[in-house]
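# Descriptive analysis of the structure
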Amino acid sequence: MLRGIRRGTAWAVLLSLTASLLAACGSGSDPGGDLTTEKVTLRFTWWGADDRHKRTQKVIDLFQQKHPNITIKGEFKEWNGYWDSLATTMAANDAPDIMQMDELYISSYAERGALFDMNEAGKHLDTGDFDQKALSTGTIGGKRYGLPVGLGMYSIVANLDLLAKYDIPVPDDTKWSWDDLKSIGEQVSKASGGSVFGVQSPGINDAAGLSIRARQQGKAMFDADAKMVLPQEIARDYWQYVLDLSKSGASAPPSVTIEKASAGLNQSATATGTAAFGLWWNTQLTALTAASGAKLKLLRLPGETQGTQPGAYYKSSMFWSVSARSKYPAEATAFVNFLANDEEAAKILLTERGVPANQKIRGTIAGQLKETDKAAKDYLDSVPVSDPPRVTPNGASTLDTILKRHTEDVLFGRATPDQAAASYIREVQSEVDAAK
């Protein structure tokens, strides 16, 4: 889920230009009716690497065997080119019928009338095996614009080999605090003589860590009306914590932290064995284990028992969405249903798109999972969660980039934590307001 996001203004402008057309043009068939027996061709687009393409094509072939009158035409791209391409097809009124959608953008597309409410084709979509908290991640204003594909949860990834090397006990993650993480991190850094740091600095990956801190205190980043309601003091304390980790030696010096942050997962402090603890999504455990060659363990987030509610929540790795322009919304929704509920399809896809959001499917594939994927699944099934945050509002897809910039400013002394907090809230709100 760590991605380099290149967001220009082109796709937003293109969507704005076509919003009225998308809203005005309905489907050519009854979404609540029976599936057609006529020959149908549906276009399906997704981003990803070769392994995902191969697995997805096998599932397409399987669906076509069971529905010989429906042809699924796959269109796949890398992440960086995906959104410009999708915006272009939207502008040309030539959108794919089914698309892989991301949390950062689902609100932007839905609010412009580009996505189909799959509730209208409810007879073709079975959501009975989905947790309601998971389902709500793709629902906006009561309309189902996205069905969650895989789920992730924020976690601490601990390097058990390093803790054993420096004779430091694995913390009790059922009751530890953020101060405990800092203290243990300092112990690791001291024991290693500075060759290894205790904590990979937060604030360099995404805004989820800040959101978690707010949620633990019963607060949120955005309200239902897309207004940023993050209290400035929570953001200030977050950046003060990041700064304190650095100054105490619990995390690496700023120059090392920023260098690692820009190098990608395989060069991160966790992957290179130069930090004992790091904030990561649970689904990244397999990749981190492969990169580090170390024994890693998922721990619950610090501060969960000290706060007013769990900060942990289900985040969809991505969604299946249907175009509002599809001439065959019933058939497109039926294909989404197949992707989400078919056990044969699940055994092909496994956890390539994350731990399945479908609880029954998670059980179906459990015996086929690698040890690390099973650990990610077990973490998802066992950790208490609260309701997910509001979907990222239209215009706020840059909140991660803005957060990283302010983290750099704090670490290098160009801004105080309070200045960073005030500026972050102001900038993100300005982006949301500009998109209205």
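Residues numbered from 1 in each chain as written. Predicted model: local features only at pLDDT ≥ 70, side-chain atom pairs only at ≥ 80, totals over all residues. Heavy atoms only, no water.

## Details of the overall build of the chain
- Across its full length, the chain carries 17 helices and 14 strands.
- Counting only C-alpha atoms, the chain reaches 70 × 50 × 35 Å along its principal axes.
- The burial tally for the chain puts 56% of its 436 residues in the buried class.
- Partitioning the contacts of the chain with sequence separation of at least 6, the portion at a separation of at least 24 is 79%. (Helix = DSSP H or I, 4+ residues; strand = E, 2+ residues; numbered from the N terminus. Buried < 20%, exposed > 50% of the residue type's maximum accessible area, 1.4 Å probe, protein only. Contact = heavy atoms within 4.5 Å.)

## A short note on the side chain of Asp400
- The topology assignment puts Asp400 in helix H16 (residues 399-411).
- Buried and unpaired, Asp400 has Lys404 as its nearest opposite-charge partner, separated by 6.0 Å.
- Excluding anything up to four places from it in sequence, Asp400 contacts Asp206 and Ala207. (Lys, Arg positive; Asp, Glu negative; His and termini not counted. Salt bridge = Lys/Arg side-chain N within 4 Å of Asp/Glu carboxyl O.)

## What about empty space enclosed by the protein?
- For the coordinates displayed, the defined rule picks out four cavities of 30 Å³ or more.
- For the largest cavity, the calculated volume is near 200 Å³.
- Looking at the largest cavity, it is lined by 19 residues, and the ones nearest its centre are Val149, Leu339, Leu349, Leu350 and Pro356.
- Of all the secondary-structure elements, those providing two or more residues to the lining of the largest cavity are helix H12 (329-341), helix H13 (343-349) and helix H14 (359-365).
- When its residues are assigned to classes, the lining of the largest cavity shows 13 nonpolar, four polar and two charged.
- Counted as a void, the second largest cavity has a volume near 70 Å³.
- If you list the elements that add at least two residues to the lining of the second largest cavity, you get helix H7 (178-192), helix H8 (208-216), helix H9 (232-248) and strand S10 (275-281).
- In terms of residues, the lining of the second largest cavity owes the most to one element, S10, which gives three residues. (1 Å grid on protein atoms, 1.4 Å probe; cavity = no way out; pocket = protein on both sides within 12 Å on 5 of 7 lines; lining within 4 Å. Points joined across faces, edges and corners; volume = space filled by probe spheres on them. Nonpolar A, V, L, I, M, F, W, Y, C, P; charged D, E, K, R; others polar.)

## As for unusual backbone geometry
- Its identity as a non-glycine residue notwithstanding, Asp167 has a phi of 55°, on the positive side.
- As for its placement among the helices and strands, Asp167 is situated in the loop between helix H6 (160-165) and H7.
- Positive phi values are uncommon outside glycine, yet Leu350 reaches one of about 50°.
- Tracing the sequence through the fold places Leu350 in the loop between H13 and strand S14 (355-356).

## Details of the pairing of strand S3 (residues 98-101)
- The side-chain alternation of S3 yields two buried faces, one formed by Ile98 and Gln100 and the other by Met99 and Met101.
- Here strand S1 (residues 40-47) runs beside S3; their pairing, made up of two bridges, is parallel. Bridged to Thr45 within S3 is Met99.
- By the bridge criterion, four bridges tie S3 to strand S13 (residues 319-322) in an arrangement that is antiparallel. Counted as the bridge partner of Met99 is Ser321 from S13. (Pairing = 2+ DSSP bridges.)

## A look at the pairing of S10
- Most of S10 sits inside the fold, with seven of its seven residues counted as buried.
- Sheet topology note: the strand S8 (residues 154-159)/S10 ladder contains five bridges and is antiparallel. By the bridge assignment, Ser155 is partnered in S10 with Trp280.

## Details of the confidence of the model for the chain
- In this model, the chain carries an average pLDDT of 91, and 93% of its residues clear a pLDDT of 70 or more.
- Confidence drops under a pLDDT of 50 for residues 1-27, and excluding neighbours within four residues, the segment shows 56 contacts in the predicted structure. (pLDDT = per-residue confidence, 0-100.)

## Focus on the nonpolar core
- Counting 126 residues, the largest nonpolar core has Met101, Tyr109, Phe277 and Tyr424 as the members making the most contacts within it.
- No other element matches H9, which puts eight residues into this core.
- Not counting chain neighbours up to four residues away, the residues in contact with Tyr424 comprise Ala207, Leu210, Met221, Met228, Trp239, Leu399, Ile402, Leu403 and His406.
- With five residues, the next largest nonpolar core counts Ala346, Leu350, Ile361 and Ile365 among its residues. (Core = buried A, V, L, I, M, F, W, Y, C linked by side-chain atoms within 4.5 Å.)

## Examining the sheet that holds S10
- Read from one edge of the open sheet, four strands run S9-S10-S8-S11, paired in mixed fashion. Because the sheet does not close on itself, it has two edges, and the strands there are strand S9 (197-199) and strand S11 (296-299). The mean angle between the axes of side-by-side strands here comes to 30°, regardless of whether they run parallel or antiparallel.
- Sheet contacts for helix H11 (residues 285-292): S8, S10 and S11; angle to S11, the most-contacted strand, approximately 150°.
- Each of S8 and S11 touches helix H15 (residues 371-382); the most contacted strand, S11, lies at about 10° to it. (Axes fitted to C-alpha atoms, helices over the stretch in contact; angles between N-to-C directions.)

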